[in-house]
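Summary of structural features
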Amino acid sequence: MDILTLLPFIVLIGAMFLMTRSAKKKQAAAAQMRNDMQPGTGVRTIGGMYATVKEVHDDTVLLEIAPGVHAIYAKNAVGAVLDDAEYNRIVHGDDDELDADGTVVPDDASSLTGEPGADKADVAKIDLGKDEAADDDAESKDDAAAKDAKGEGKADGETGTK
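Residues numbered from 1 in each chain as written. Predicted model: local features only at pLDDT ≥ 70, side-chain atom pairs only at ≥ 80, totals over all residues. Heavy atoms only, no water.

The protein chain is annotated in an unreviewed UniProt entry as Preprotein translocase, YajC subunit of Streptomyces nanshensis. Regarding the protein chain, the UniProt comment filed under Sequence similarities (unreviewed entry) reads as follows: "Belongs to the YajC family." Turning to the protein chain, the UniProt record has this under Subcellular location (unreviewed entry): "Cell membrane". (UniProt positions renumbered as here; feature names shortened; annotations may be inferred.)

Description of the overall build of the protein chain
A tally of helices and strands in the protein chain yields four helices and five strands. The secondary structure elements of the protein chain, listed N-terminal to C-terminal, are α-β-β-β-β-β-α-α-α. Within the protein chain, the proportion of its 162 residues that are buried is 12%. A separation of at least 24 residues holds for 39% of the contacts in the protein chain among residues at least 6 apart in sequence. (Helix = DSSP H or I, 4+ residues; strand = E, 2+ residues; numbered from the N terminus. Buried < 20%, exposed > 50% of the residue type's maximum accessible area, 1.4 Å probe, protein only. Contact = heavy atoms within 4.5 Å.)

A short note on the pairing of strand 3 (residues 60–66)
Here four bridges tie strand 2 (residues 50–56) to strand 3, and the two strands are oriented antiparallel to one another. Residue pairing for strand 3: E55 is matched across the bridge by L62. As consecutive antiparallel partners, strand 2 and strand 3 are separated by three residues. Bridge count between strand 3 and strand 4 (residues 69–74): six bridges; the pairing is antiparallel. Within the sheet, the bridge partner assigned to V61 lies in strand 4 and is Y73. Where strand 3 folds back onto strand 4 in an antiparallel hairpin, the turn is made up of two residues, including G68, whose phi is positive at roughly 85°. (Pairing = 2+ DSSP bridges.)

Points about the sheet that holds strand 5 (residues 78–82)
Reading across the sheet, the five strands line up as 4-3-2-1-5 and stay open at both edges, with antiparallel pairing between neighbours. Either end of the sheet is taken by a strand with one partner, and the two such strands are strand 4 and strand 5. Across the sheet, the mean angle separating the axes of adjacent strands is 40° when strand polarity is ignored. The sheet contact formed by strand 1 (residues 42–45) and strand 5 spans four bridges and is antiparallel. Residue G42 lies in a different strand from strand 5, and its bridge partner there is L82. Running over the sheet, helix 2 (residues 84–91) touches strand 1, strand 2 and strand 5 and is turned about 130° from strand 2. (Axes fitted to C-alpha atoms, helices over the stretch in contact; angles between N-to-C directions.)

A few points about the confidence of the model for the protein chain
Across the protein chain, the average pLDDT comes to 77, with 59% of residues at or above 70. Summarising per-element confidence for the protein chain, the mean pLDDT is lowest in helix 3 (residues 96–101) (53) and highest in strand 4 (94). (pLDDT = per-residue confidence, 0-100.)

Right under this line is the structure:
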């Protein structure tokens with residue numbers, strides 16, 4: 001047999017070996033995570049439910065899914081063990097990041113236009129970079145266009161007369 005004939009089989013076997021190796025590493029990491037669970041830890045099940053671990057047994061865990069509501073789950077049903085900050089942020093809505101810097105994002109743009117309760121007449125005009133001469137030229141062009149539409153301002157013999 002020639003080496004070129006065996007090459008595709010060797011590559012295929014090598015790829016299968018690498019895939020099973022990475023899958024075994026992921027399974028070992030998940031098993032280690034489940035074995036490290038402690039009572040009081042927040043977890044997310046594979047179904048997406050968040051709960052607190054109350055008791056850990058060999059193959060099962062007792063989870064508190066609501067105050068006073070307990071359920072027994074298989075350890076394999078735990079999808080992730082969460083740290084306290086992440087669990088509190090998701091379940092209780094605690095957001096320590098906003099409390100730390102005090103930044104509050106307004107729901108509307110009213111706070112960007114001036115002080116609350118300020119009269120709209122008191123709000124200063126925003127300079128958009130236009131000069132008044134350009135505004136006067138634009139107004140004179142608008143007036144000329146209006147006169148052309150009415151047929152005014154043109155003498156006989158000029159282009160555009162009726």
